[in-house]
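Listed below, chain by chain, are the residues.
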Amino acid sequence: MMETILREGLTALGLDQSSVPSLLRYGALLEEKNKVMNLTAIKEADEVARLHFLDSAALLNLLDFRNKTVVDVGTGAGFPGLPIRLLEPSAHVTLLDSLGKRITFLQEVCTDLGLSDVACVHARAEEFAALHRESFDTAVSRAVASLSVLSELCLPLVKKGGTFLAMKSVDSDEELSAAEHAISVLGGRVAGVRDYSIPGTDIVHRAVLVEKVKPTPKGYPRSFAKIKKDPL
């Protein structure tokens, strides 16, 4: 079932099928771990295939990840960063999450799949950003925080000329306009808002593409308590 959904979905997206065995194995490991630990609320195999794997895969049609250094901020169970790496093996991916159990799981998955070049990092985004300022071509995030908060966690990590891609719902117009000031302060500019369909569903999601046009000022990101209490 999952294999059929993945093959049909990847075909619809015009993407290569060679990653299907790895995605299936990842799906099996996720299902197994989900029995003992709440990694994702989506547990049915067909839903995992569509709402995790194909949702992540769709990003490859919106941004070029070839040979790019990519950080997935608040990766959770590995989305969208790990499917991006499986579908685009030349991408250099760092999976970042503040919960150690999630990172332990992702390390197990990467070991199982032989992905020795994926960095699984247990750290808070704002602390990681302080040590890795402007060192990635691309930051991606599907985390649930508001866009202004996400921008402060992600844009400091992106090199000038790079891109921050935030996965959002299609009713995020208000959130986007509320975040424009923050994006500007942090050195970004909204380069595009792209709505895309998940193959095999009537679900439409949105990718907000933010270009890094100038360096992020030194005081950012602030501590998470400050970011939350007083969003830009």
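Visitor: Teacher, can you tell me more about the overall build of the chain here?
Guide: When helices and strands are tallied, the chain shows nine helices and seven strands. Taken over C-alpha atoms, the radius of gyration comes to 17 Å for the chain, in line with the 17 Å a tight globule of 232 residues would show. Principal axes of the C-alpha set define a box for the chain whose edges measure 50 × 35 × 30 Å. Buried residues in the chain amount to 52% of all 232 residues. Pairs at least 24 apart in sequence give 69% of the contacts found in the chain among residues at least 6 apart. Surface summary for the chain: the accessible area is close to 10,300 Å², and the carbon and sulfur share equals 51%.

Visitor: Even after reading the chapter, I still don't get the packing of aromatic side chains, so can you show me in this structure?
Guide: Note on aromatic pairs: each is described by the distance of the centres and the angle between the planes. Per the counting criterion, the structure on display carries four aromatic pairs. Here the aromatic rings of Tyr-26 and Phe-79 are separated by 5.5 Å at their centres, their planes lie at 15°, and the arrangement is stacked. Linking Tyr-26 in helix α2 (residues 20-34) with Phe-79 in the loop between β1 (69-73) and α4 (81-87), this pair joins segments that are 53 residues apart in sequence. Classification of Tyr-26 by relative accessible area gives buried; the value is 0%. For Phe-79, a relative accessible area of 3% gives the class buried.

Visitor: Help me understand the sheet that holds strand β2 (residues 92-97) in this model?
Guide: Two orientations exist for strands paired in a sheet by backbone hydrogen bonds: parallel and antiparallel. In spatial order, the strands read β3-β2-β1-β4-β5-β7-β6; together these seven strands make up an open sheet with mixed pairing. At either end of the open sheet lies a strand with only one pairing partner, and these are β3 (119-122) and β6 (188-197). Averaged over all pairs of adjacent strands, the angle between their axes in this sheet comes to 20°, without regard to strand direction. Taken together, the five bridges between β1 and β2 define a ladder with parallel strand orientation. If you follow Val-73 over to β2, its bridge partner there is Leu-96. Packed onto the sheet, helix α5 (residues 100-113) meets β2 and β3 and runs at close to 165° relative to β3.

Visitor: Where do I start with the side chain of Arg-222 in this structure?
Guide: Examined against the element boundaries, Arg-222 turns out to sit in the loop between β7 (204-212) and α9 (224-229). In this structure the side chain of Arg-222 is engaged in a polar contact, spanning 2.8 Å, whose partner is the side chain of Glu-152. Of note is the side chain of Arg-222, whose polar atom sits 3.0 Å from the backbone oxygen of Asp-230. The residues contacting Arg-222, other than those within four sequence positions of it, are Glu-126, Glu-152, Ile-227, Asp-230, Pro-231 and Leu-232.

Visitor: How should the side chain of Arg-85 be read in this particular structure?
Guide: Along the chain, Arg-85 turns up in helix α4. Side-chain polar atoms of Arg-85 contact the side chain of Asp-117, separated by 3.2 Å. The residues touching Arg-85, leaving out its near neighbours within four places in the chain, are Ala-91, Val-93, Leu-115, Asp-117 and Val-118.

Visitor: Would you mind going over helix α3 (residues 45-57) with me for this structure?
Guide: For an α-helix the count is 3.6 residues per turn, leaving residues at separations of three or four pointing the same way. The buried count for α3 comes to 10 of 13 residues, which makes it a mostly enclosed element. Looking only at α3, the buried set comprises Val-48, Ala-49, Arg-50, Leu-51, His-52, Phe-53, Leu-54, Asp-55, Ser-56 and Ala-57.

Visitor: Could you clarify how one ought to interpret the pairing of β2 in this entry?
Guide: Residues in a regular strand point their side chains to alternate faces of the sheet. In terms of burial, β2 is a largely internal element, five of the six residues being buried. For the handedness criterion, the β-α-β arrangement of β1, α4 and β2 is classed as right-handed. Across four bridges, β2 lies against β3 in parallel orientation. Across the sheet, the residue bridging to Leu-95 is Cys-120, located in β3. In the classification by handedness, the crossover that spans β2, the intervening α5 and the parallel β3 is right-handed.

Visitor: So what exactly am I meant to see when it comes to the state of the cysteines here?
Guide: Cysteine pairs can be covalently joined through their sulfur atoms, and such a bond is termed a disulfide. One pass over the full model with this rule turns up zero disulfides. Here Cys-110 is not disulfide-linked; the sulfur of Cys-120 is the nearest cysteine sulfur, at 3.9 Å. Cys-110 sits in the buried class, given a relative accessible area of 4%. The buried category is assigned to Cys-120, whose relative accessible area is 14%.

The rules behind each value
- Residues numbered from 1 in each chain as written.
- Predicted model: local features only at pLDDT ≥ 70, side-chain atom pairs only at ≥ 80, totals over all residues.
- Heavy atoms only, no water.
- Helix = DSSP H or I, 4+ residues; strand = E, 2+ residues; numbered from the N terminus.
- Rg over C-alpha atoms; globule rule 2.2 N^0.38 Å.
- Buried < 20%, exposed > 50% of the residue type's maximum accessible area, 1.4 Å probe, protein only.
- Contact = heavy atoms within 4.5 Å.
- Areas by Shrake-Rupley, 256 points an atom, 1.4 Å probe, with all protein chains shown as cover.
- Phe/Tyr/Trp six-rings, centres within 6.5 Å; stacked < 30°, edge-to-face > 60°.
- Pairing = 2+ DSSP bridges.
- Axes fitted to C-alpha atoms, helices over the stretch in contact; angles between N-to-C directions.
- Polar contact = N/O pair within 3.5 Å; in protein donor to acceptor, adjacent residues only side chain to side chain.
- Right-handed = clockwise from strand over helix to strand, strands pointing away.
- Disulfide = S-S within 2.5 Å.

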